[in-house]
Amino acid sequence: MASSTLDTARPEIGRSLVVGGSSTNYHDVGEGDPVLLVHGSGPGVTAWANWRLNMPVLAEDFRVIAPDMFGFGYSDSKGRIEDKQIWVDQLAGFLDGLGIDKVSMVGNSFGGGITLAFMIAHPDRVERAVLMGPAGLNFPITPALDKVWGYEPSVEAMRDSLKYLAWDHSRLTEDLIQSRYVASARPEAHEPYHATFGGADRQRNVAMLASREEDIAALEHETLILHGVADQVIPLDSTVKLAGLMKRADLHVFAECGHWVQIERMASFNRMVAEFFKNGLKA
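Analysis parameters
Residues numbered from 1 in each chain as written. Predicted model: local features only at pLDDT ≥ 70, side-chain atom pairs only at ≥ 80, totals over all residues. Heavy atoms only, no water. Helix = DSSP H or I, 4+ residues; strand = E, 2+ residues; numbered from the N terminus. Buried < 20%, exposed > 50% of the residue type's maximum accessible area, 1.4 Å probe, protein only. UniProt positions renumbered as here; feature names shortened; annotations may be inferred. Salt bridge = Lys/Arg side-chain N within 4 Å of Asp/Glu carboxyl O. Phe/Tyr/Trp six-rings, centres within 6.5 Å; stacked < 30°, edge-to-face > 60°. Lys NZ or Arg CZ within 6 Å of the ring centre and 35° of its normal. Expected span 1.5 Å × (residues − 1). Axes fitted to C-alpha atoms, helices over the stretch in contact; angles between N-to-C directions. Parallel < 35°, antiparallel > 145°, perpendicular 65-115°, else oblique. Left-handed = near helix turned anticlockwise from the far one by under 90°. Contact = heavy atoms within 4.5 Å. Nonpolar A, V, L, I, M, F, W, Y, C, P; charged D, E, K, R; others polar.

The name an unreviewed UniProt entry gives the chain is 2-hydroxymuconate semialdehyde hydrolase, with Novosphingobium kunmingense as the organism.

Here you go:
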């Protein structure tokens, strides 16, 4: 069951779709072939916060759909999540609820790991995929990712977390830091976030988001992989390895860019993603 709860004062709240008794908050803009955007796992993240600079541009050519994953934003919490299959099943049920059989996907960081897992579980439901600074392989956790997942709400902790994500710290305005802090401090946001990602052994989260290398290597989808050269969160070496595993993947590394490719290289990101989804790797 879908409902519209658009709130101009709180743009992160979009529409609501209930599937199997669980509610997903999502944004749905534009017309055309459907593109599904899967956000990352930073504290206080929502689909709107992650993709707000990209949705309007991509919506000029596509139907752009961006859900809050379970445990994030304004979608239902599932408490501590120890199996990525919960998010894979969320996406499958969500698309079923919208009556969509096949999509192209963009997965950011955590969302990259979920996108890979979805491609493996439902290969016929994915046209093409973009993976951006993606999880999906089991690598030694970086100090930056360890800090971000171990976040406890405070303005200073949010400032420090955002510094790990951005290359250009001039983007980290006090308004941005304050708004992300407020979003992260909501009990409905922090409690599931901490339950899933904030344990003492955060390496287990990297392993939980990883897919088997042989399953990744078997994928036939055209895939565009994007990574910032100064990314402190997901190691570039892991993404290079991922690109080497995939049969039909191109890798683009952005200069002067951290983990926020979609923000710090917004124009290039929007242009490359739109062109790839229209024409594939051979364009």
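After presenting the structure, the write-up continues.
Draft legend 1. Local environment of unusual backbone geometry. Of note, Ser-109 is a non-glycine position whose phi angle comes to about 60°, a positive value. For Ser-109, the position within the fold is in the loop between strand 6 (103–108) and helix 4 (110–121). Relative accessible area serves as the criterion here: at 6%, Ser-109 is assigned to the buried category. Even without a glycine there, the phi angle at Glu-256 is positive, about 50°.

Draft legend 2. Seen up close, the UniProt feature "domain: AB hydrolase-1" (unreviewed entry) in the chain. Under the local residue numbering, the UniProt record ascribes the feature "domain: AB hydrolase-1" (unreviewed entry) to residues 34–265. Helix makes up 44% of residues 34–265 and strand 15%, with an end-to-end C-alpha separation of 23 Å.

Draft legend 3. Region of interest: the pattern of salt bridges. Throughout the structure, instances matching the rule amount to 16 salt bridges. Its salt-bridge partner being Glu-188, residue Arg-186 comes within 4.0 Å of it at the nearest N-O pair. Across the pair Lys-247 and Glu-220 runs a salt bridge, and its minimum N-O distance is 2.8 Å. Of this pair, Lys-247 sits in the loop between helix 11 (236–245) and strand 9 (249–254) while Glu-220 sits in the loop between helix 10 (213–217) and strand 8 (223–228), and the two are 27 residues apart along the sequence. By relative accessible area, Glu-220 is classed as partly exposed at 45%.

Draft legend 4. Structural view of the packing of aromatic side chains. Summed over all chains, the structure comprises 12 aromatic pairs. Relative to Phe-197, the ring of Tyr-193 has its centre 5.5 Å away and its plane inclined at 45°; by these criteria the two rings are tilted. Here the residue Tyr-193 and the residue Phe-197 both occupy positions in helix 8 (residues 187–197), the gap between them amounting to four residues, near one helical turn. Residue Tyr-193 is classed as buried on the basis of its relative accessible area of 4%. Using a relative accessible area of 1% as the deciding quantity, one classes Phe-197 as buried. Through a chain of ring-to-ring contacts, three or more aromatic side chains come together here, namely Phe-72, Trp-87, Phe-110, Trp-149, Tyr-193 and Phe-197. Between Lys-78 and the ring centre of Phe-70, over which it is positioned, the NZ or CZ distance is 4.8 Å.

Draft legend 5. Local environment of helix 13 (residues 266–279). An ideal rise of 1.5 Å per residue puts 20 Å on 14 residues; helix 13 measures up with 20 Å between its terminal C-alpha atoms. Along helix 13, the residues classified as buried are Ser-268, Phe-269, Asn-270, Val-273, Ala-274, Phe-276 and Phe-277. Immediately beyond the C-terminal end of helix 13, within one or two residues, lies Gly-280, with a positive phi of roughly 80°.

Draft legend 6. Geometry of the packing of helix 3 (residues 85–98) against helix 4. The interhelical angle for the contact between helix 3 and helix 4, taken along N-to-C directions, is 70°, at an axis separation of 9 Å. Considering their axes alone, helix 3 and helix 4 lie roughly perpendicular with respect to each other. For the crossing formed where helix 3 meets helix 4, the hand is right-handed. For the pair formed by helix 3 and helix 4, the contact residues are Trp-87, Val-88, Leu-91, Ala-92 and Leu-95 on the first element and Phe-110, Ile-114, Ala-117, Phe-118 and Ala-121 on the second. Within the contact of helix 3 with helix 4, the residues separate by chemical class into 10 nonpolar, no polar and no charged.

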